Structures are given as C-alpha cells and as structure tokens.
Amino acid sequence: MSDYNVYAARLLPRSEFFTPGHRACQGCGPAIVLRQVAKALGRNTIVVNATGCMEIVVSPFPHSAWEIPWVHTLFENTAAVASGIEAGIKVLARRKRHFTDSGKINIIAIGGDGSTADIGMGCLSGALERGHDFIYLCYDNEAYMNTGIQRSSATPMGASTTTSPAGKASKGQFSRKKDLGYIAAAHHIPYVATVTPAHPFDLIDKLRKAAAVEGPAFIHAFAPCPTGWRCGADTTIKLARMAVDTGVFPLYEVVDGKWSLTHEIEDFEPLDEYLFAQGRFRHLKNDAEFVKQLECDVHQQYEEIRARTKAGA
Ligand SMILES: Cc1ncc(C[n+]2csc(CCOP(=O)(O)OP(=O)(O)O)c2C)c(N)n1
Ligand code: SF4
C-alpha cells in the first residue's frame, strides 16, 4: 500500500450504504467487502447484483440492506444490465433530463466467482470490450457457496468442495485457480485491481480510482467464507491478510496496462499455516509434497506479477 498505510477510523467515511440486518453468516467476507465498497463509492451509486449469497442475503422481500438503488440480475446478464444502465444514463444526460446535476453516477456490477469466472464471463467480456463506464466487482469466496459449496473455476487447487470432495481417489480441486485479474487486464481496460477486506484503506483507494476512470474497471476482491472454507467466523480478516502475506492473493493494480504491486512481499509467510487454518484443506496435512508443490505455484504466480511490474508491462 503506498498512500493508505496509516489505519485511523476517522479516515473512513461514516455513512453506511450497505447496512446491518442482512442475513449473511457471521464473519462473511463478501459482506465485509461490500460494506467497504459502499463506503468508498457513496450515495451516487447504482448496484447491479447477480444471484449468489450477496444477492440472497440482502433481498428478503420487502427488505433490503442496500440504501442505494439495487437491481437483481441473472448470472448471465449482470454486465449487460450494467451496460444498459450506463447507456441509459448517457442518453438522459444528453437530453438534459434527470441525473445531470448529480455529478457522476457510479454503476457497479457485483458477482461471486461462480457468476464471474464461469456463467457470466461471456457477458462480462463483451461489456469490457465495448468500453462501458462501469465497475465490475467479483467477490471471490472461491466456490458456489449459496447453493452448497460447489467448486468453481476460481476454487484453488487442493480445496475440498461438495463437487471436488477430497478422499482416497482425490486431493480435492484438481485444476489451478482461474486468474480473473489477468483475464480482465487482457481486455486492455483502464483499470484492474485486487483488494481484500483486511486492507480497507487500499480497497477504498482502489474503488475510488475505479470510479474515477472513464471506461470499465475490474476489481477482484478476495473474500473468505467461514461456512464454505470450514473456518472460524473470527478468522475472516486474518485469513485475508495471510492470503496476501503468503503470496496466495497478490495485491496489485493495472492502470492503463501498467502493472504495479501495491503491497510487495519480500519474505513469503509459509503456505501451510494459511491452508491448515481452514478445514477445506485439512486432508492435505499428511501430504507435505503436494503442499510444497502448491507453495511453488503460489510463488511462481507472484514472481510473474513482479516481473510484469518491473518490465512496466
Ligand atoms: C444459470 C443459473 N444456474 C444456477 C443457478 C443456481 N444458483 C443460485 S446461487 C448459485 C451460486 C452462486 O455462486 P457464486 O456466483 O460463486 O456466488 P456465491 O454463492 O458464492 O455468493 C447458483 C448456482 C442460478 N440461479 N442460475
Ligand atoms: S455462505 Fe459464505 S459467502 Fe455466503 S453468506 Fe455465508 S459466509 Fe457469506
């Protein structure tokens, strides 16, 4: 973190637009992310929310935890709905109708990793390619949590889920985690960044930059899920911090194609401490060789990003 390494409550906006009383589990990482995102973006924001935990927990009719306009969408069309809202606002502004005095309206599309990396990917790619001025935020809890912890293409290798169960024949998830930041950056959009709820000032800083750019911005938010990760509700922030310090989830930014690490790691924390703080990896406790291989993969991925940063790519 470059500018926001001083933690002081008074630096945070006091207003809340994602309010208490929603039905997320205790310690829900995605809910903490959304609370911080709402603080960063403020009242002048329209939320477009795909199906998933964060849609379900806020929308038991007639209640909503959002204090700002909120639209529920399918997995498939979330980015398209956000694109349509952006286009509509442009037309109204051109005709000098509504909105014109309110300053910039932030449009944020929100989806889980299943929604983003799998089912909604085509639509997201189209919206990024067309250059709509909106933010897409993926809260990545590394599985389809809302329907019972099924693997997604963003589930990390070795994690046990209900559709990649660990057992005699399997070590859990068999493939490497799909790299959403790389995919978004490959669309040559103005802004891509990774965030976690354990780095709130970095998150707020990045969300504000994402809102300020003209054109699409993609934010990949790491979001521990105590229910699906089989960990304590009080470990969410600790795990998010460990994910960064082990190199599992590098914090970086890609501004107009230029990569930079926003929290550089010199000495990685050991991966096993991060893994074994979660029940979804407990079957790997007697498999030191596989854990070593996972750790090598994590470091290799980190060095790839460091190389891009140095090359000014
Ligand atoms: C096309 C489609 N397939 C399946 C479902 C059922 N469904 C509802 S929520 C959900 C899980 C969503 O997973 P993710 O996007 O990762 O969000 P999370 O539940 O983890 O918040 C699924 C599969 C659906 N609503 N639409
Ligand atoms: S299952 Fe996970 S993501 Fe869903 S509400 Fe509970 S803690 Fe949050």
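So, a few notes on the structure that sits alongside this text. (Residues numbered from 1 in each chain as written. Chains lettered and ligands numbered in written order. Predicted model: local features only at pLDDT ≥ 70, side-chain atom pairs only at ≥ 80, totals over all residues. Heavy atoms only, no water.)

### As for helix α1 (residues 29–41)
Relative to the 18 Å expected for 13 residues at 1.5 Å per residue, α1 spans 19 Å between its end C-alpha atoms, a close match to the ideal helical length. Extensive coverage of α1 is indicated by the burial of 11 of its 13 residues. Turning to α1, its buried residues number three or more, namely G29, P30, A31, V33, L34, Q36, V37, A38, K39, A40 and L41. Within two residues after α1, G42 carries a phi angle of roughly 80°, on the positive side. (Helix = DSSP H or I, 4+ residues; strand = E, 2+ residues; numbered from the N terminus. Expected span 1.5 Å × (residues − 1). Buried < 20%, exposed > 50% of the residue type's maximum accessible area, 1.4 Å probe, protein only.)

### Focus: the pairing of strand β5 (residues 191–195)
Most of β5 is tucked away: 5 of the 5 residues are buried. Burial along β5 is two-sided: Y191, A193 and V195 facing one way and V192 and T194 facing the other are all buried. Where β5 lies against strand β6 (residues 217–222), 5 bridges are found, and the strand directions are parallel. Looking across to β6, one finds that A193 is bridged to I219. Sheet topology places β5 next to strand β7 (residues 252–255); 3 bridges connect them, and they run antiparallel. Pairing of A193 across the sheet is with E253, part of β7. (Pairing = 2+ DSSP bridges.)

### A closer look at the pattern of salt bridges
Oppositely charged side chains may form a pair once their charged atoms are brought near each other. Scanning the model with the defined rule gives 14 salt bridges in all. Between D287 and K171 there is a salt bridge, with its nearest N and O atoms 2.7 Å apart. You can see D287 sitting in the loop between α10 (271–275) and α11 (288–311) and its partner K171 sitting in the loop between β4 (135–140) and α6 (180–185), a full 116 residues away along the chain. Taking the relative accessible area as the measure of exposure, D287 reaches 18% and is therefore buried. Here the residues in one salt-bridge network are D140, E142, K177 and R280, joined through shared partners. (Salt bridge = Lys/Arg side-chain N within 4 Å of Asp/Glu carboxyl O.)

### Digging into empty space enclosed by the protein
One pass over the structure, following the stated rule, counts 2 cavities of 30 Å³ or more. In this structure, the largest cavity spans a volume of roughly 50 Å³. Along its surface, the largest cavity is lined by K104, I105, N106, I107, D133, F134, I135, A210, A211, V213 and G215. For the lining of the largest cavity, the elements supplying multiple residues, two or more each, are β3 (106–112) and α7 (200–212). In terms of residue class, the lining of the largest cavity is made up of 7 nonpolar, 2 polar and 2 charged. Of the volumes computed, that of the second largest cavity is approximately 30 Å³. Residue lining of the second largest cavity: V37, A38, L41, G42, T45, V47, W66, I68 and I108, and that is the complete set. Among the secondary structure elements, those contributing two or more residues to the lining of the second largest cavity are α1 and β1 (45–50). Here the lining of the second largest cavity takes 3 residues from α1, the largest share from any one element. (1 Å grid on protein atoms, 1.4 Å probe; cavity = no way out; pocket = protein on both sides within 12 Å on 5 of 7 lines; lining within 4 Å. Points joined across faces, edges and corners; volume = space filled by probe spheres on them. Nonpolar A, V, L, I, M, F, W, Y, C, P; charged D, E, K, R; others polar.)

### Notes on the packing of aromatic side chains
For the structure on display, the rule yields 7 aromatic pairs. Note on F222 and F249: the rings are 4.9 Å apart at their centroids and 40° apart in plane angle, and the pair reads as tilted. With F222 in strand β6 and F249 in the loop between α9 (236–246) and β7, this residue pair connects regions lying 27 residues apart in the sequence. Accessibility classification places F222 together with F249 in one group, the buried group. Every member of this aromatic cluster is reached through a ring pair, and the members are Y182, Y252 and W259. Across from the ring centre of W229, 3.9 Å away, lies the NZ or CZ of R280, which sits over that ring. The side chain of R308 reaches across the aromatic face of W259, ending 4.7 Å from its centre. (Phe/Tyr/Trp six-rings, centres within 6.5 Å; stacked < 30°, edge-to-face > 60°. Lys NZ or Arg CZ within 6 Å of the ring centre and 35° of its normal.)

### Considerations on the sheet that holds strand β8 (residues 258–261)
The mixed open sheet is built from 8 strands, whose spatial order is β2-β1-β3-β4-β6-β5-β7-β8. Two strands in the sheet have a free side with no partner beyond their single neighbour: β2 (70–73) and β8. Adjacent strand axes in the sheet meet at a mean angle of 15° when their direction is disregarded. (Axes fitted to C-alpha atoms, helices over the stretch in contact; angles between N-to-C directions.)

### Details of the packing of helix α3 (residues 78–94) against helix α5 (residues 121–130)
Where α3 contacts α5, the axes come no closer than 7 Å and their chain directions differ by 30°. One way to sum up the angle between α3 and α5 is to call them roughly parallel. Residues A79, A80 and S83 of α3 touch α5, and the partners they reach there are C123, L124, A127 and R130. The residue inventory of the contact of α3 with α5, partitioned by class, reads 5 nonpolar, 1 polar and 1 charged. (Parallel < 35°, antiparallel > 145°, perpendicular 65-115°, else oblique. Contact = heavy atoms within 4.5 Å.)

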